[in-house]
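Now for the letters of each chain:
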Amino acid sequence: MPALPETTIPADAVLFETLLRVGDSALILGHRVSEWCGHAPTLEEDIALANVALDLIGQATLWLGLAAEIEGAGRDADALAFRRDAGGFRNLLLAEQPNRDFAVTVMRQFLFDAWHAEMLAGLAVSTDPRVAEIAAKAQKEVAYHLERSETLVIGLGDGTPESHARMQAALTRLWPFTGEPFRGDATDAAAAEAGIAPDPAALEPGWSARVEAVLAEATLTLPDTARFRSGGRSGVHGEALGLLLAEMQFLQRAYPDARW
Amino acid sequence: MYAQMVTSEGGKARDEMTPEERAFQDRIDRGERIEPKDWMPEGYRKTLIRQIGQHAHSEVVGQLPEGNWITRAPTLERKQILLAKVQDEAGHGLYLYSAAETLGVSRDELTGMLLAGKMKYSSIFNYPTLTWADIGAVGWLVDGAAIMNQVPLQRTSYGPYARAMVRICKEESFHQRQGYSIMMTMARGTPDQKAMAQDALNRFWYPSLMMFGPSDKDSVHSAQSMAWKIKINTNDELRQKFVDQTVPQARFLGLEIPDPGLAWNEEKGGHDFSQPDWSEFYEVLKGNGPCNAERMEARIEAWEDGAWVREGLMAHAEKRAAAHAAE
């Protein structure tokens, strides 16, 4: 755990930042998943992907709505989603990784879901009842997301030689982004201290145990590359996020006076 | 209307029918439902496969023009509503393929025919969605036209099709309301938004009228489908009903229907209106519409790129089954 900051971060700022982190990850991953609409490998997957995207965007609406309320600056969830530039986003880098093929999409989902489930379990016992309430609702949805992504990782990892190779390549590609969720900063430390959110590092053993067990059943090999990529917490993202936002925010940016 | 110009076959005059065929027609005339295991004439089965298959394909291809705006939906709420709507369309595709399967044709076979260009989907989905107002227009007009056709199909003679329609109609009426809600917001919004709403109506009006298909009052195929209660109303009846329903809705929005010939006809108790350009309709059916190539490419790509996923999951299921059997 990093050293506590010398000056105390105001409680509302800690809560606001914590809500953006969890809300932005849900929003950006939900957006990515929604890009599949109409292009999935089977009709059942079209339906399931839309479902996951809907859940995540619904959760983002709640998290960002609460964040805006805490901020008290006259913004709402839409203003936070559609009027911030990339540097203002606090999502995990894993969430913004482009879909590429179905293997990357499924692997990204699994690695995220396994963290998300742990994170929400921690948020569900938050000292802030508003946080706990949203987390409890999201937990039910994410339990299903994790069940689905696990099943797909196992099925495709232990499927044909091609599906195995694609899943292994996806895992290798995404592995460097899997350390970030567990490396907290001063804000996370303050949030943990206040009992608002779990300590990020404390979520890692549960995540690792689950991921290792599922990947073993999927006959996939854990990459030996470092899990070093990070930047989401401080708004330093990859190039792809700017393009995603350019698309997502187009109408609100082009017609700033309009109501939709 | 998601099934257009479905050809029926095997229609016969009563005195040419076999005793089985006559008994079958009597059941339909009495308003009985035909179920999958019941005897049915081959023509009835084939015509239904064509119609339900075309309807299913339309739902699946229909995801694309609306999916085009999911990533650009202007608010979180609109994005969720649109996602839910497009998800419903995929679900409708699923019920309809399942209904077709009860007639002895698999979903993969039907998909193969769609991708090979041997089966059609509704002409409407070959038109582009160029602005957010088009998403409103699609819900209002396209789903509105679909409901016109699908409400009577809840009484169609084939049980699985009729039951699928009951559920589909409930969802479609929600879709139409969401489309109208977008149009209302746009029509009462900024001048730019109002212009987008009018432009969307201008572009989708005639393609929506085409959804009902050309006049079929003299069509033998339609007569046979109506005798079998696979088709309940003529194309012209449904089109008239659609126009009469939509004109006051457009007026309420303060938008103008792009038809100088539109006028209330007291005598017939309905509107007179201009026919769409049917030569355009036939070109779109032939594959020459604004988005035919893109829609088919997207579906072919999804199918081909997804092959390894389907094969992988099948291979895994087989391994599991083998391991289970060995235990």
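Since this is a predicted model, take the numbers as computed values, not measurements.

> How should the overall build of chain A be read in this particular structure?
Within chain A, the regular secondary structure consists of eleven helices and zero strands. Its helices and strands taken in sequence order, chain A reads α-α-α-α-α-α-α-α-α-α-α from the N to the C terminus. For chain A, the proportion of its 260 residues judged to be buried stands at 59%. Of the contacts made within chain A by residues no fewer than 6 positions apart, 81% connect residues no fewer than 24 positions apart. For chain A, the accessible surface area stands at approximately 10000 Å², while carbon and sulfur atoms represent 55% of it. Once the 21 positive and 37 negative side-chain charges of chain A are each reduced to a mean point, those two points are 4 Å apart.

> Looking at this model, I keep getting lost on the packing of helix 7 (residues 159-187) of chain B against helix 8 (residues 191-210) of chain B. Mind explaining?
Residue and element names in this part refer to chain B. At a closest axis distance of 7 Å, the pairing of helix 7 and helix 8 adopts a crossing angle of 135 degrees. By the angle between their directions, the pair helix 7 and helix 8 is classed as oblique. Together, Met 183, Met 186 and Ala 187 of helix 7 and Gln 193, Lys 194, Met 196 and Ala 197 of helix 8 make up the contact between the two elements. For the contact of helix 7 with helix 8, a count of residues per class yields five nonpolar, one polar and one charged.

> Explain the nonpolar core to me, please; I cannot follow it from the model alone.
In a soluble, globular protein the nonpolar side chains are often hidden away together inside. In this structure, Met107(A), Leu111(A), Val153(A) and Trp132(B) are the most contacted members of the largest nonpolar core, which totals 146 residues. By residue number, the principal contributor to this core is helix 2 (residues 43-71) of chain A, which donates 14 residues. Discounting chain neighbours no more than four positions away, the residues touching Met107(A) are Val153(A), Met167(A), Ala170(A), Leu171(A), Leu174(A), Leu215(A) and Leu220(A). In this structure, Tyr44(B), Val60(B), Met165(B) and Trp228(B) belong to the second largest nonpolar core, which totals 28 residues.

> Explain the side chain of Thr105(A) to me, please; I cannot follow it from the model alone.
Mapping Thr105(A) onto the fold places it in helix 5 (residues 102-123). A distance of 2.9 Å separates a polar atom in the side chain of Thr105(A) from a polar atom in the side chain of Trp36(A).

> Before we go on, may I ask you to explain empty space enclosed by the protein in this structure?
Summary: where empty space remains is shown by rolling a probe the size of a single water molecule over the atoms. The tally for this structure, following the rule as stated, stands at three cavities of 30 Å³ or more. Approximately 170 Å³ is the volume attributed to the largest cavity. Arg21(A), Trp115(A), Met119(A), Asp188(A) and Arg233(A) are, among the 18 residues lining the largest cavity, the residues nearest its centre. For the lining of the largest cavity, the elements supplying multiple residues, two or more each, are helix 1 (11-34) and helix 5 of chain A. Counting residues per element, the lining of the largest cavity draws most heavily on helix 1 of chain A, which supplies four residues. When the residues that make up the lining of the largest cavity are grouped by side-chain class, the tally is nine nonpolar, four polar and five charged. The volume enclosed by the second largest cavity comes to roughly 60 Å³. Together, 14 residues line the second largest cavity, and Cys37(A), Asp46(A), Leu49(A), Ala50(A) and Leu83(B) are the ones closest to its centre. Among the residues forming the lining of the second largest cavity, the class breakdown is nine nonpolar, four polar and one charged.

> What is the right way to read the packing of aromatic side chains from this model?
In this description, an aromatic ring pair is defined by two values, namely the gap between the centres and the angle between the planes. This model, assessed by the stated rule, comprises 16 aromatic pairs over all chains. When the ring of Tyr255(A) is compared with that of Trp260(A), the centres are 6.1 Å apart and the planes differ by 70 degrees; the resulting orientation is edge-to-face. When the centroid spacing of 5.7 Å and the interplanar angle of 85 degrees are considered together, the rings of Tyr44(B) and Trp228(B) count as edge-to-face. Residue Tyr44(B) is located in helix 2 (residues 42-61), and its partner Trp228(B) is located in the loop between helix 9 (220-227) and helix 10 (235-253); the two are separated by 184 residues in the primary sequence. When sorted by exposure, Tyr44(B) lands in the same class as Trp228(B), which is buried. Aromatic rings pair up to connect Phe24(B), Trp39(B), Tyr44(B), Tyr158(B) and Trp228(B) into one cluster. Above the face of the Trp175(A) ring, Arg227(A) is positioned so that its terminal group lies 5.4 Å from the ring centre. Sitting above the plane of the Trp303(B) ring, Arg310(B) keeps its charged end 3.5 Å from the centroid.

> I keep staring at the layout of surface pockets and nothing clicks. Help me out?
Considered as a void within the structure, the largest pocket measures approximately 600 Å³ in volume. In this structure, the largest pocket is lined by 28 residues; those nearest its centre are Glu35(A), Trp36(A), Cys37(A), His39(A) and Leu64(B). Counting residues per element, the ones that place at least two in the lining of the largest pocket are helix 3 (63-67) and helix 12 (292-305) of chain B. The dominant element in the lining of the largest pocket, judged by the number of residues it contributes, is helix 12 of chain B, at six residues. Taken together, the residues of the lining of the largest pocket sort by class into twelve nonpolar, eight polar and eight charged.

> Could you clarify how one ought to interpret the interface of chain A and chain B in this entry?
Frequently, the measure chosen for interface size is the accessible area that the parts lose on association. With 50 residues of chain A at the contact, the number on the chain B side is 47 residues. Buried surface at the junction of chain A and chain B, both sides included, amounts to about 4000 Å², of which 68% is carbon and sulfur. Taken as a group, Leu43(A), Leu54(A) and Trp260(A) account for 18% of the area that chain A buries against chain B, more than any other trio of residues on that side. Where chain A meets chain B, there are three salt bridges. A salt bridge links Arg320(B) to Glu217(A), with the nearest nitrogen and oxygen atoms 2.7 Å apart. Inspection of the region where chain A meets chain B yields 15 residue pairs in polar contact (both at pLDDT 80 or more). Only helix 1, helix 2, helix 3 (77-82), helix 5, helix 6 (129-157), helix 7 (161-174), helix 10 (239-248) and helix 11 (250-254) of chain A provide two or more residues apiece to the side of chain A that touches chain B. For the side of chain A that touches chain B, the element with the most residues is helix 2 of chain A, which contributes eleven residues. Broken down by class, the residue content of the side of chain A that touches chain B amounts to 25 nonpolar, 13 polar and twelve charged.

> Just checking my understanding: could you explain the pattern of salt bridges for this structure?
A side chain of one charge can pair with a side chain of the opposite charge if their charged atoms are brought near each other. All names here are of chain A. Inspection of every chain in the model, using the stated rule, returns 34 salt bridges over all chains. One salt bridge in this structure joins Arg 166 and Asp 101, with 3.0 Å as the shortest N-O distance. With Arg 166 in helix 7 and Asp 101 in the loop between helix 4 (93-96) and helix 5, this residue pair connects regions lying 65 residues apart in the sequence. Among the residues examined, Arg 166 registers a relative accessible area of 29% and is labelled partly exposed. One continuous salt-bridge network, built from bridges that share partners, spans Glu 17, Arg 21, Arg 90, Asp 185, Asp 188 and Arg 233.

What counts, and where the lines are drawn
Residues numbered from 1 in each chain as written. Chains lettered and ligands numbered in written order. Predicted model: local features only at pLDDT ≥ 70, side-chain atom pairs only at ≥ 80, totals over all residues. Heavy atoms only, no water. Helix = DSSP H or I, 4+ residues; strand = E, 2+ residues; numbered from the N terminus. Buried < 20%, exposed > 50% of the residue type's maximum accessible area, 1.4 Å probe, protein only. Contact = heavy atoms within 4.5 Å. Areas by Shrake-Rupley, 256 points an atom, 1.4 Å probe, with all protein chains shown as cover. Lys, Arg positive; Asp, Glu negative; His and termini not counted. Charge placed at Lys NZ, Arg CZ, Asp CG, Glu CD. Axes fitted to C-alpha atoms, helices over the stretch in contact; angles between N-to-C directions. Parallel < 35°, antiparallel > 145°, perpendicular 65-115°, else oblique. Nonpolar A, V, L, I, M, F, W, Y, C, P; charged D, E, K, R; others polar. Core = buried A, V, L, I, M, F, W, Y, C linked by side-chain atoms within 4.5 Å. Polar contact = N/O pair within 3.5 Å; in protein donor to acceptor, adjacent residues only side chain to side chain. 1 Å grid on protein atoms, 1.4 Å probe; cavity = no way out; pocket = protein on both sides within 12 Å on 5 of 7 lines; lining within 4 Å. Points joined across faces, edges and corners; volume = space filled by probe spheres on them. Phe/Tyr/Trp six-rings, centres within 6.5 Å; stacked < 30°, edge-to-face > 60°. Lys NZ or Arg CZ within 6 Å of the ring centre and 35° of its normal. Buried area = accessible area lost by both parts, 1.4 Å probe. Salt bridge = Lys/Arg side-chain N within 4 Å of Asp/Glu carboxyl O.

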